[in-house]
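What follows is the residue order along each chain.
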Amino acid sequence: MSSIPHDATMQTVNPPVIYPGVTYASVTDQVSDVVLKRPFGKAWMAGVGITMLLVMMLTGSIGYLLLKGVGVWGINVPVAWGFAIINFVWWIGIGHAGTFISAMLLLMRQDWRTSINRFAEAMTLFAVACAGMFPLLHLGRYKFFYWLMPYPNSMGLWPQFRSALVWDVFAVSTYGLISLLFWYVGLVPDLATMRDRATNPIVWRIYAILALGWRGASRHWQRYHAAYLLLAGIAAPLVVSVHSIVGMDFAQSLVPGWHSTIFPPYFVAGAIFSGFAMVLTLIIPMRKAFKLENLITLRHVNNCCKLMLVTGMIVAYGYAAEIYMSWYSGSVYESYLSYNRFFGNYAVAFWLLITCNVVIPQLLWFQSIRNNLYLVWTLAIVVNVGMWLERYVIIIISLARDFIPSSWGMYYPTVWDITVFAGTIGFFLLLILMFVRVLPAIAMAETRELVHETHGGTVPMQNMEPRRVR
Amino acid sequence: MHDQNDPIELDEQPLRAWDEFAPDADEMPELADGLTRRSFMQRMAASMALAGLAGAGCNDRPTDEKIVPYVQAPEGVQPGKPVIFASAMPLNGYGKGVLVTSREGRPIKIEGNPQHPSTLGGTDVFLQASILDIYDPARSQTPTRAGTGVDASTFWAALGARLETLSKVDGEGLRFLSGTITSPSLIDLIQSVQRKYPKARWHTYDPMDRANRRAGNVLAFGKPLSVHFDLKPARVILSLDSDFLFDDLASLRYAREFMNARRVRVSQLEMNRLYVAESTFSITGSMADHRLPIRPANVAMLAQAIAAEIGVAGVSAVGLDAASARWVKAVAEDLKSQKGTSLIVVGESQPPVVHALAMAINEALGNLGKTVLLSESTEFGVGDASRSLKSLADDMTGGKVDTLLILGGNPAMNAPAEVDFAGALRAMSTDRQTDDSSSHFTAHLGVYSNETAFLCQWHLPEAHYLEAWGDVRAHDGTATIIQPLISPLYGGQSIAEFLGRLIGQVQANGYEIVRSYWQKAAGTKDFEGWWQATLNTGVVAGSASSLISASCGKPDLSNLQGSANPAAIDIVFRPDYSVWDGTFAGNTWLMECPRPFSKLVWDNAALLDPATATRLGLAGDDVVKVTVRNQSAELPVALLPGLPDGVITLHLGYGRGPRRSNTTDTGLGDTHGVNVYPIRFSDASGFSANVDVARTGKAYKLVRTHNHHAMGGPTTPTTSSGKALKPHAIVTPQTSEAEKEVGNRRLVRVVSLGEFKAQPKIVEELGGEREKRPLLSLYPEWDYSKGYQWGMSIDQTACMGCNACLVACQAENNIPVVGKDQVEKQREMHWIRIDDYFDSASESPLVVHQPVPCQHCENASCEYVCPVGATSHSAEGLNQMTYNRCVGTRYCSNNCAYKVRRFNFFDFNIHRETPQQKMLANPEVTVRTRGVMEKCTYCVQRIQNTRIEAEVALVNIEERIRALSDENQKTAMREEGRKREHEIVEGMQTACQQACPTQAIVFGSILNVGGQPTKVKTLKDEPLDYTLLRELTTKPRTSYMARVRNPNPALEGAHSRGEA
């Protein structure tokens, strides 16, 4: 579509939420054609091929792990948690941006969420799927994972509710379920659109089943909006609660470096920080590949960057508070911990973390950088790496040097640690690649509403009335 | 339905038969769940059908084989109840009394025999681990000829033919080679052999035969007397390069007596004082109040200086450097003030002249007969040079040996460097493949088919000491009859049985041999009673050698000279803390047992002081080549602070070659460590001065269980930031205030006796502000004021870091061995570890051993983080681990501040391959599966047994009380019950406690039992008691008693490195 305005013409202080020239019909055409009409490109095929290989590596590694035991990883005593927990926290954190965008921003009536919420929610689901693997795989006796859930059993035993790991089971499973529901409910009108546009009878039938008989009746719309809003209300607290509980997984212990009250808020901020980084990592190539620049605009990129800046600052505050408290507490173990982070065996990881999460994101203060998609994308990758390192620093450095020096140790990941991690990245990307080709990656119905409200993107945001949510 | 026990119902229906005539008698009575006749039939039909389906596995046919019902059980065996037998473990010819626990005929655990003079109930690692050897599948299992399995009768036919020829020449050319022998019945048998073959010769060789001490005694007293010590009265002890707490025949006894005179309590404010001048770092050295690292060659000079200072006749003063001179002066003064209650002990590594000199000093101090006890030696053929290995090897090469029978031992591996025994044996056995007409006949009897067996034509499996009858003497001559606990698992016979058969005794039965000997020797009419009593106690009453008095000759010091060259490198040979002289090199428990100080596992190393290493440009894991008189060995370097400058310590017994003659397999799969016997010459068996050490440029990965850097150990010179990151864990009254409050973890508290006397609360003071803070918890307090409340007290003054507790725990609790690669990954499974803290403040470091089992915290941090509640707290204060419930999140381990939890990262029990290995497992302790967390249980199986015993006793007494009518009698009986309960509960010992030779570990109820305070309660009330990491509010049940030193005020503050 040659009529799509180029990014270069939109590099204003506040780019529009959709570029001018978008109509109801063009939205539907543009989004549904990606699924229904677009041929399979070589790049997509190559992507699927590579990620499939990674998934094969993942299944192979998991098979070996289950056969041999968690000893194939680099964990030991004292460092009894390694890559598995780092990856779990990292993936769960990534998911948070999706829920934040779809639920929190919906409740806060942020129009710019519309074009990216579908995609971000899918990312959430896939990230949770990746995250969910790790707590199971990391169990010494994985076959008894269900003992962490409360269910009536012949042993007459319940989980031990004082342990944050049990809360974690509830938090993550609730989170996964609500995210799925929210995502699916939002999909229903679009699935109906897809059904109506599908030409292949099998595809038509599948969409028809998934669309749950949606006819676009006003009663449908009314109920749909009510359900959507309710789900948003339920999902919004999860943005805070899930990662707070993940934070408490650590904070409830007495390990120096874990035993800290700042963990819940700092973990939530970190989660959103990494989530937006992942959103940017994915949407920047996607909008280009599928020519969706007029729907996912520089405004989205800009806003994501700004949120990264804010949450990045909160995370930086968290680091500072930890360092301050290690001195202020007067605890020899806490102060040694900070000292060890700065100068110990793992100092490289710590300083790299500070560079990635605190220093480099400061570039986002500049409009010119926020508008440079190559830089933003690189920066998002840097933040993803940084947030992974943050968990590495928290878990590994703290455990490796705790109270009694005789038990101090080192953690060296094995090849199986790395293959499982890389495998989940492959799995995640494979799901994303599949998703963009089978479901509308942009919420068409909501975007059409947005077109209505912004008059095809011609009305600047400042002059708009607040969008009413029905 | 009618309740038949209900009397009213019975009244109404006097006869059961009336039921028959009830109105509805022809109907099936309807059952509570609505079961009718019809549904009953349906269910019966269904269950019959199912029974038919299951018939294959559930028939009522007996097995095809004949089985024997357990009608008449063996006497004294009650299924499920352990039986304990007294026996003795021979090592280097001398015995240590043991009590062996047997379950359903399987020996599973060894403890010390409290009645035996050498052990006094304690054990060392070797006693504990010897139980593993009996089940070792690598043991020799069949007679072999040239490495191929043969029938024993083939061997005896061949030997018989040989002996027939030999008997015509009075046994000319028949040679025997054995280790040291003290066994009375065996000596008797040897004499029979010698009567039959008068020209046969018996050689003995033992790499640990204490030749230097014996030669020293010859110098001093004119004959090879046996020397042992009484440490009870000794107030001041000087050890000259002696590791008498580890490597002496009666080390267990010495350790017990030494520590008993060292325990400081409120009621006992006296302790002995130990000075150690040594050329290595020994566990005795780690106990010293003043330790002087010194070159091995200079020990003689030091001894001379002390002798001169004390005024031994004919000894002139010797020039020493200022620091050593000061040390000598102070030590001599101290010794002089304790005449008759002092002791000088010299290590086996020192030459005879030093031993003789020490005897002269002991005599001058009036210690002979008081702390130094002399008796005639009980060794067979002691001091006869013609019996040496060297003369045998010479005869072998000289063609004078026709038939060589090697009974036990491994001289091909551990012969002195100058004796090429292996070469001579190989030359004799060149025709080992050929027929019976070969010119020579060589045979080896051994528990393992070792290097020596490999070079012999024939090999026969020897019975393990738990498999055969025998007898053995202790250090003081006390004999013990060795009882077998099990018939030989892999065939095998004892040396006595072999000799019996050799001289043609029809009943070459170990039992008959031993019994008939003692029948003669016991000299009692009621032999059966004597025999029973002797087997019962494990000690032959009155068999100790009588003490004799002797006086020393004037020591000849003409050849004494020290090592003056400060740049020279000396090497010191020591028996290893885990494999001894190599006897235990195949024992995986011992191989994986972290060596004291170095915490090395699975390897030996060239131990070097960091300063020496820096001087030589060496770092840890560098491989060096040590050359002595053209013989060399290549070893990796391990750094250990506290060794004297320029001295390398080498441990013997490693680098064992192929152990199975028929394969190239090296037994455990790999050779571990390096054999240093090839550079150990018999005239330098203790040390070699001025050797060549060269870097090879190679490196070898050594594995240690401690991060030495963190323990106050050496800072590797290559890490620049290292020093600042070193944590501080030892706190003493000299520790600076700034460090105490900021950087010190206060895990180890050390006070001197004087400081403790002056300020009894000093240990609490050392805890600082943190010790005084109130302990707050979010959770409500549990009431721990009732019943038994288990706790443990560990005395760091008494712990010498010998590892006996660690191996005992491994044996008791079925703890697997994980292998070097897993230890490298920090996955060792030991439930108790010994942390060796080095006080880096001084150059001759103070070392404190801290055994760390589970602390059984009342507020256990492991418990609340477990999502499935697999670890929980008992009402008696035990932190329990439910293996079945564990899913393996490992959070408990992360959150354990003491890191005592161990995780089964793999199926570590997979090494129990053979049925024999499975027999070893203690049936009272679960064998843990993969993915399960485990840890010290305070030996909960023993606790349960004790509780049952106490409960049964109390119930019995309660019944007797009920039968009594008189109130006074009742009260008396109640009092008796309380006493009995106290006795039973106090009698319970954990495995680590029972093994500990110094009784450093005390376990029991921290509340009064039967109205009386328990040992552990008394100890916990002592002011020396403290807990680790108190400020974490974990409230551990395991507490520690601070290390108390007894420094000489004249030397206080003189920590500097001395060089004589």
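Everything numeric here is computed off the predicted structure, so don't read it as measured data. (Residues numbered from 1 in each chain as written. Chains lettered and ligands numbered in written order. Predicted model: local features only at pLDDT ≥ 70, side-chain atom pairs only at ≥ 80, totals over all residues.)

### Topic: the overall build of chain A
Here's step 1: Secondary structure assignment for chain A yields 15 helices and zero strands.
Here's step 2: Computed over its C-alpha atoms, the radius of gyration of chain A comes to 23 Å, within 12% of the 23 Å expected for a compact globule of 470 residues.
Here's step 3: In terms of overall dimensions, chain A has C-alpha extents of about 70 × 55 × 40 Å along its principal axes.
Here's step 4: Taken over 470 residues, chain A has a buried fraction of 53%.
Here's step 5: A separation of at least 24 residues holds for 81% of the contacts in chain A among residues at least 6 apart in sequence. (Helix = DSSP H or I, 4+ residues; strand = E, 2+ residues; numbered from the N terminus. Rg over C-alpha atoms; globule rule 2.2 N^0.38 Å. Buried ≥ 20, exposed ≤ 12 C-beta atoms within 10 Å, placed from the backbone. Contact = placed C-beta atoms within 7 Å.)

### Some points on the overall build of chain B
Here's step 1: The secondary structure content of chain B amounts to 33 helices and 41 strands.
Here's step 2: Looking at chain B residue by residue over its 1060 residues, the buried ones come to 55%.
Here's step 3: Pairs at least 24 apart in sequence give 73% of the contacts found in chain B among residues at least 6 apart.

### Brief notes about the pairing of strand β7 (residues 201-204) of chain B
Residues and elements named next belong to chain B.
Here's step 1: Side-chain alternation along β7 places R201 and H203 on one buried face and W202 and T204 on a second face that is also buried.
Here's step 2: Across four bridges, the pairing between strand β6 (residues 174-178) and β7 is parallel. Its bridge partner lying in β7, S178 is registered against T204. (Pairing = 2+ DSSP bridges.)

### Some remarks on unusual backbone geometry
Here's step 1: Residues V77 of chain A and P78 of chain A are joined by a peptide bond in cis, for which omega reads 20°.
Here's step 2: Tracing the sequence through the fold places P78 of chain A in the loop between α2 (42-68) and α3 (83-107).
Here's step 3: In this structure, N92 of chain B takes a positive phi of about 55° despite not being glycine.
Here's step 4: For N92 of chain B, the position within the fold is in the loop between β1 (83-91) and β2 (94-103).
Here's step 5: With 18 C-beta atoms counted inside 10 Å, the residue N92 of chain B sits in the partly exposed group.
Here's step 6: Residues other than glycine seldom take positive phi values, yet C939 of chain B does so here, at roughly 55°.
Here's step 7: When you line up the elements, C939 of chain B lands in the loop between β37 (933-934) and α30 (940-963).
Here's step 8: The class for C939 of chain B is buried, based on 27 C-beta atoms found within 10 Å.

### What about the interface of chain B and chain A?
Here's step 1: Residue-level contacts link 48 residues of chain B with 42 residues of chain A.
Here's step 2: Counting residues per element, the ones that place at least two in the side of chain B that touches chain A are β30 (744-752), α28 (891-895) and β36 (902-903) of chain B.
Here's step 3: With four residues, the top contributor of residues to the side of chain B that touches chain A is α28 of chain B.
Here's step 4: Among the residues forming the side of chain B that touches chain A, the class breakdown is 23 nonpolar, 15 polar and ten charged. (Nonpolar A, V, L, I, M, F, W, Y, C, P; charged D, E, K, R; others polar.)

### Considering helix α12 (residues 389-397) of chain B
Residues and elements named next belong to chain B.
Here's step 1: Along α12, the residues that are buried comprise L389, L392, A393 and M396. The buried residues of α12 occupy an angular sector of 95° when the element is viewed end-on, so they sit on one face.
Here's step 2: In this structure, the buried side of α12 is in contact with β6, β7, α13 (411-414) and α14 (421-428).
Here's step 3: With its phi angle positive at about 75°, G399 sits one or two positions after the end of α12. (Arc of directions from axis to C-beta.)

### Observations concerning the environment of G386 of chain A
Residues and elements named next belong to chain A.
Here's step 1: Here G386 lies in helix α13 (residues 373-400).
Here's step 2: A tally of 25 C-beta atoms within 10 Å means that G386 is categorised as buried.
Here's step 3: As a C-alpha pair, G386 and F126 span 260 residues in sequence and 21 Å in three-dimensional space.
Here's step 4: Not counting chain neighbours up to four residues away, the residues in contact with G386 comprise L353, C356 and N357.

### As for the nonpolar core
Here's step 1: Counting residues in each nonpolar core, the largest one holds 448 residues, and the members touching the most others are V279 of chain A together with I361 of chain B.
Here's step 2: Those residues within four positions of V279 of chain A in sequence are excluded, and the remaining contacts are A97, I116, A120, M123 and C304 of chain A. (Core = buried A, V, L, I, M, F, W, Y, C linked by C-beta atoms within 7 Å.)

### Thoughts on the sheet that holds strand β8 (residues 226-229) of chain B
Strand-to-strand pairing in sheets goes through backbone hydrogen bonds, with the strands running parallel or antiparallel.
Residue and element names in this part refer to chain B.
Here's step 1: Ordered in space as β8-β13-β19, the three strands form an open sheet in which the pairing is antiparallel. Each end of this open sheet is capped by a strand with a single partner; those strands are β8 and β19 (547-548).
Here's step 2: With two bridges joining them, strand β13 (residues 372-375) and β19 adopt antiparallel strand pairing. The residue of β19 that forms the bridge with L374 is I548.

### Concerning the pairing of strand β9 (residues 236-240) of chain B
Residue and element names in this part refer to chain B.
Here's step 1: For β9, the tally of buried residues reaches five of five residues, placing the bulk of the element in the interior.
Here's step 2: Here β9 shows two buried faces, one formed by V236, L238 and L240 and the other by I237 and S239.
Here's step 3: Bridging between β9 and strand β10 (residues 273-278) involves five bridges; their strand directions are parallel. Residue I237 lies in a different strand from β10, and its bridge partner there is L274.
Here's step 4: Considered for its hand, the β-α-β crossover made up of β9, helix α7 (residues 251-260) and β10 is right-handed.
Here's step 5: Here β9 pairs with strand β12 (residues 342-346) via five bridges, running parallel. Among the inter-strand pairings, L238 is bridged to a residue of β12, identified as I344. (Right-handed = clockwise from strand over helix to strand, strands pointing away.)

### As for the sheet that holds strand β29 (residues 728-731) of chain B
Residue and element names in this part refer to chain B.
Here's step 1: Here three strands make up an open sheet; going across it, the order is β29-β30-β41 and the pairing parallel. Each end of this open sheet is capped by a strand with a single partner; those strands are β29 and β41 (1043-1045). Shown here is a sheet whose adjacent strand axes are inclined to one another by a mean of 30°, direction ignored.
Here's step 2: Sheet topology places β29 next to β30; three bridges connect them, and they run parallel. Each bridged residue has a counterpart across the sheet, and for I730 the counterpart in β30 is V748. (Axes fitted to C-alpha atoms, helices over the stretch in contact; angles between N-to-C directions.)

### Comments concerning the packing of helix α5 (residues 164-197) of chain A against helix α7 (residues 218-251) of chain A
All names here are of chain A.
Here's step 1: For the pair α5 and α7, the least separation of the axes is 9 Å and the interaxial angle reads 155°. Between α5 and α7, the angle falls in the class roughly antiparallel. Handedness of the crossing formed by α5 with α7: left-handed.
Here's step 2: Along the lines of polarity and charge, the residues of the contact of α5 with α7 split into 23 nonpolar, three polar and two charged. (Parallel < 35°, antiparallel > 145°, perpendicular 65-115°, else oblique. Left-handed = near helix turned anticlockwise from the far one by under 90°.)

### Remarks on the confidence of the model for chain B
Residues and elements named next belong to chain B.
Here's step 1: Per-residue confidence for chain B gives a mean pLDDT of 85; residues scoring 70 or more make up 87%.
Here's step 2: Here residues 1-14 scores under 50 on pLDDT; set against residues more than four positions off or in separate chains, the count is three contacts.
Here's step 3: Scoring of the predicted complex yields 0.88 for pTM and 0.92 for ipTM. (pLDDT = per-residue confidence, 0-100.)

### Focus on the environment of H706 of chain B
Here's step 1: Within the secondary structure, H706 of chain B is located in the loop between β28 (703-704) and α21 (722-725).
Here's step 2: By C-beta crowding, H706 of chain B is classed as buried, having 23 other C-beta atoms within 10 Å.
Here's step 3: Along the sequence, H706 of chain B and L600 of chain B sit 106 residues apart, while their C-alpha atoms lie 8.5 Å from each other.
Here's step 4: Excluding residues that lie within four positions of it along the chain, H706 of chain B makes contacts with S406 of chain A together with K599 and M711 of chain B.

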